[in-house]
Amino acid sequence: MSTSNNAYWKANLRLMFKLLLVWFVVSFGFGILLFDLLNTIQIGGYKLGFWFAQQGSIYVFVALIFIYSRKMAKLDRQFGVEE
Amino acid sequence: MELQTLTYLVVGATFGLYIGIAIWARAGSTKEFYVAGGGIHPVANGMATAADWMSAASFISMAGMIAFMGYGGSVFLMGWTGGFVLLALLLAPYLRKFGKFTVPEFIGDRFYSRTARIVAVICLIVASVTYVIGQMKGIGVAFSRFLEVSYDAGLFIGMAIVFFYAVLGGMKGITYTQIAQYCVLILAYTIPAIFISLNLTGNPFPQLGLGSTLVGTDTFLLDRLDQVVMELGWAEYTTSARLNMTNMFAYTLSLMIGTAGLPHVIIRFFTVPKVADARTSAGWALVFIAILYTTAPAVAGMARLNLMSTIEPSPGQHLAYDDRPAWFKNWEKTGLLQFEDKNGDGLIQYTADLTTNEMVKVDNDIMVLANPEIAKLPNWVIALVAAGGLAAALSTAAGLLLAISSAISHDLLKGVFMPGITEKQELMASRIAMAAAIAMAGYLGFNPPDFAAGTVALAFGLAASSIFPALMMGIFSHRVTKEGAIAGMIAGLCVTLLYVFQHKGIMFIADTSFLGDMAPNWFLGIEPNAFGAVGAIINFAVAAGVSKVTAEPPEDIRRMVENIRVPSGAIATQDH
């Protein structure tokens, strides 16, 4: 692999890990593991843990994919590998 | 207008639309048949993916399951949406770059092995066939309930419609009908939800309504719901976990990686023009899915509350059986709702205590299907729900059938048994394979095997434990060898199947479950439906171990892996 492509792949992996960390935290973290703790906070009629499990995690998932595709488009241009 | 006539009109109009699209979008080449020519706009593909993905289970059953599980039902919400993050970040762009037609084709090429390709075809067919049985049943049930034709006749009509656009148009016809089907199903799902949210909370957005106060009070809807279900002996709605937290964790993870590994979803990303489009398209797919998936928990909570307060308007004041509303009588006829006056007082007692509970059966599916009637919505809304349920089942069935038929005509016939056939012959073969797949799915719909109820576990378990890990390792590692991949897939598959079978019976025949469907025997308290995640971990471990002791993959495979990781440049492997 050329050094430039190698750097592109590394940058991609770094971005991926960051976003997957958020993916894990909002669903498995807030929705399951920290559920009871977050439920001590109430927003409107929602307990926060319950809100993450049934609403919030899904909104974050959508945002994550669009952030990924925008940042990757930028990386593609930066490394000159876009189609 | 009368409900029956109206339902015929609405369902008839949507079917006319699907047939019109079929005639307009015929496929002329194998590329059009398998991947719609590769020129679908990412937003359009996102919409088609959403319809492809959201099945009869999402449309009809999910809100009902959440309504009775409360917080525990969150595993479906997070699991069936979180998988798209994995798909977008880990699989879709790279498989699009690979630029071929099927999932087994990638596995066969990357692991330089015809055996790996055949193993992948087997996993794909088993997962997709079990899944399609559920859709066929959904079509038959929706017809028989709403149009009052027999289950068999309903199934025949559904098969004929799918036959028309899937055989003629392949992926191209399926894509455009799925877009139309998405529009029908999302309207059918959200309109009743908006009305019900307005009725209960005055807020037109169900997502906000669920967190609002009830009209004319300062009690939050969820607090009232918690209070009502607990007074009658159920666990608190907003905190009742599914079994235990380990199980919820494993279940959510299994559904996520199963979602990302289901071939009929993956192949939708082969239809967009560029790698960058595959990434955005996954985002759009999840937007369209999220509209339904964030509405579903509101439908669930509100429907449960409506049901409870219909039966017991205020604590201790029970509805008399003779005064029951019309929807109650209608659904009693179908057997999905059953009442038994245990204490003979003519009143309906609905409690968590099995000895005194008189609502002996309340089927999950009623929650969405009867919801508009319970909330006294106009007839045209009820007719729309029928068309929406059919759209959800038809769109998913068509996507699954395409995955099955392309695996047969492209991977088995062209790839393994008759590599010499021309493109024209292959196109003909793919049409025949599609027709055969529809006939087989129809047969299984008429004679649902005993294991039909357990099929969700099987389909997601297989996709999670075999297909997803193989694809991911193929992209993210140079080092995984053909022996490693094959051993990993087989190990993941066997462990998952064994676990499901030992607790639910071999092929789901209950008598043969040698360890019994009992919680004490479950590994770490994980239920069989949630075991795909464990199978996936075993797949990864076995593949890594075997790859360490076998010869490295050849140099051209290394180049191919490097090549799929960057969007630009042509793929180095030879076309076949």
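Residues numbered from 1 in each chain as written. Chains lettered and ligands numbered in written order. Predicted model: local features only at pLDDT ≥ 70, side-chain atom pairs only at ≥ 80, totals over all residues.

## Topic: the overall build of chain B
Along chain B, the regular secondary structure elements total 22 helices and 2 strands. Taken over the C-alpha trace, chain B has a radius of gyration of 24 Å; the compact-globule value for 576 residues is 25 Å, and the two agree within 12%. By principal-axis analysis of the C-alpha atoms, chain B measures approximately 80 × 55 × 45 Å. Burial statistics for chain B: of 576 residues in total, 57% are counted as buried. In chain B, of all internal contacts separated by at least 6 residues, the share reaching a separation of at least 24 is 80%. (Helix = DSSP H or I, 4+ residues; strand = E, 2+ residues; numbered from the N terminus. Rg over C-alpha atoms; globule rule 2.2 N^0.38 Å. Buried ≥ 20, exposed ≤ 12 C-beta atoms within 10 Å, placed from the backbone. Contact = placed C-beta atoms within 7 Å.)

## Regarding the overall build of chain A
Along the backbone of chain A there are 3 helices and 2 strands. Taken from N to C terminus, the helices and strands of chain A fall in the order α-α-β-β-α. Dimensions of chain A, computed from the C-alpha atoms along their principal axes, are close to 55 × 20 × 15 Å. A sequence separation of at least 24 residues applies to 52% of the contacts in chain A between residues at least 6 apart.

## A short note on unusual backbone geometry
All names here are of chain B. Of note, Ala36 is a non-glycine position whose phi angle comes to about 55 degrees, a positive value. Classification of Ala36 as buried rests on a count of 26 C-beta atoms within 10 Å. Not every positive phi belongs to a glycine, and Tyr112 is a case in point at roughly 35 degrees. Structurally, the position occupied by Tyr112 is in the loop between α6 (103–110) and α7 (114–146). Overall, Tyr112 belongs to the partly exposed group, with 17 C-beta atoms counted inside 10 Å.

## Overview of the confidence of the model for chain B
Residues and elements named next belong to chain B. On average, chain B scores 91 in pLDDT, and the residues at 70 or more come to 95%. Within chain B, helix α9 (residues 206–209) carries the highest mean pLDDT (98), whereas helix α16 (residues 371–374) carries the lowest (84). On the interface metric, ipTM, the complex scores 0.98, and its pTM is 0.95. (pLDDT = per-residue confidence, 0-100.)

## Quick look at the interface of chain B and chain A
Across the contact, 42 residues belong to chain B and 36 residues belong to chain A. Residue assignment for the side of chain B that touches chain A shows that the elements contributing at least two residues are α5 (74–98), α10 (221–231), α11 (245–261) and α13 (275–311) of chain B. The element best represented in the side of chain B that touches chain A is α13 of chain B, accounting for 12 residues. Counted by class, the side of chain B that touches chain A contains 23 nonpolar, 14 polar and 5 charged residues. (Nonpolar A, V, L, I, M, F, W, Y, C, P; charged D, E, K, R; others polar.)

## Things to note about the nonpolar core
Residue and element names in this part refer to chain B. Grouped together as the largest cluster of nonpolar side chains are 218 residues, with contacts concentrated most on Leu185 and Leu401. When residues in this core are grouped by element, the largest group, 21 residues, is from α13. Contacts of Leu185, omitting those with residues within four sequence positions, involve Ala51, Met54, Phe59, Gly388, Ala391 and Ala392. (Core = buried A, V, L, I, M, F, W, Y, C linked by C-beta atoms within 7 Å.)

## What about α13 of chain B?
All names here are of chain B. Compared with an ideal rise of 1.5 Å per residue, which puts 37 residues at 54 Å, α13 spans 54 Å between its outermost C-alpha atoms and is within 8% of the ideal. The largest bend in α13 amounts to roughly 30 degrees and is located at Ala290. Here α13 lies mainly inside the structure; 31 of its 37 residues are buried. (Expected span 1.5 Å × (residues − 1). Bend = angle between axes of the 7 residues up to and from the residue.)

## Concerning the environment of Glu340 of chain B
Residue and element names in this part refer to chain B. Relative to the helices and strands, Glu340 resides in the loop between β1 (337–338) and β2 (361–362). Assessed through the 9 C-beta atoms surrounding it within 10 Å, Glu340 is described here as exposed. For the pair Glu340 and Phe417, spaced 77 residues apart in sequence, the C-alpha to C-alpha distance is 60 Å.

## Considerations on the environment of Leu462 of chain B
All names here are of chain B. Among the structural elements, Leu462 can be located in helix α19 (residues 455–476). Put simply, Leu462 and Arg224 are 238 residues apart on the chain and 41 Å apart in space, counted from C-alpha to C-alpha. In contact with Leu462, other than residues within four places in its own chain, are Cys123, Val126, Ala127, Leu493 and Thr496.

## Observations concerning the packing of helix α1 (residues 3–33) of chain A against α5 of chain B
At a closest axis distance of 11 Å, the pairing of α1 of chain A and α5 of chain B adopts a crossing angle of 175 degrees. Our classification of the angle between α1 of chain A and α5 of chain B gives roughly antiparallel. Listed contacts from α5 of chain B to Met16, Leu19, Leu20, Trp23, Ser27 and Gly31 of chain A of α1 of chain A are Ser74, Met78, Gly82, Val85 and Leu89 of chain B. Residues belonging to the contact of α1 of chain A with α5 of chain B are distributed by class as follows: 7 nonpolar, 4 polar and no charged. (Axes fitted to C-alpha atoms, helices over the stretch in contact; angles between N-to-C directions. Parallel < 35°, antiparallel > 145°, perpendicular 65-115°, else oblique.)

## Some thoughts on the packing of helix α1 (residues 3–24) of chain B against helix α17 (residues 379–417) of chain B
Residues and elements named next belong to chain B. Contact geometry of α1 with α17 gives a least axis separation of 8 Å together with a crossing angle of 40 degrees. Relative to α17, α1 is oriented oblique. In this structure, the crossing between α1 and α17 has a hand that is right-handed. Packed against α1, whose contacting residues are Leu3, Leu6, Thr7, Val10, Val11 and Thr14, the element α17 presents Asn379, Trp380, Ile382, Ala383, Leu384, Ala386, Ala387, Leu390 and Ala391 at the interface. (Left-handed = near helix turned anticlockwise from the far one by under 90°.)

## Considering the environment of Ala298 of chain B
Residues and elements named next belong to chain B. Assignment of secondary structure puts Ala298 in helix α13. With 28 C-beta atoms packed within 10 Å, Ala298 lands in the buried category. Each C-alpha atom, one on Ala298 and one on Phe59, is 14 Å from the other, the two residues being 239 residues apart in sequence. When near neighbours in sequence (up to four residues on either side) are disregarded, Ala298 contacts Ala193, Ser197, Pro206, Gln207, Gly209 and Leu210.

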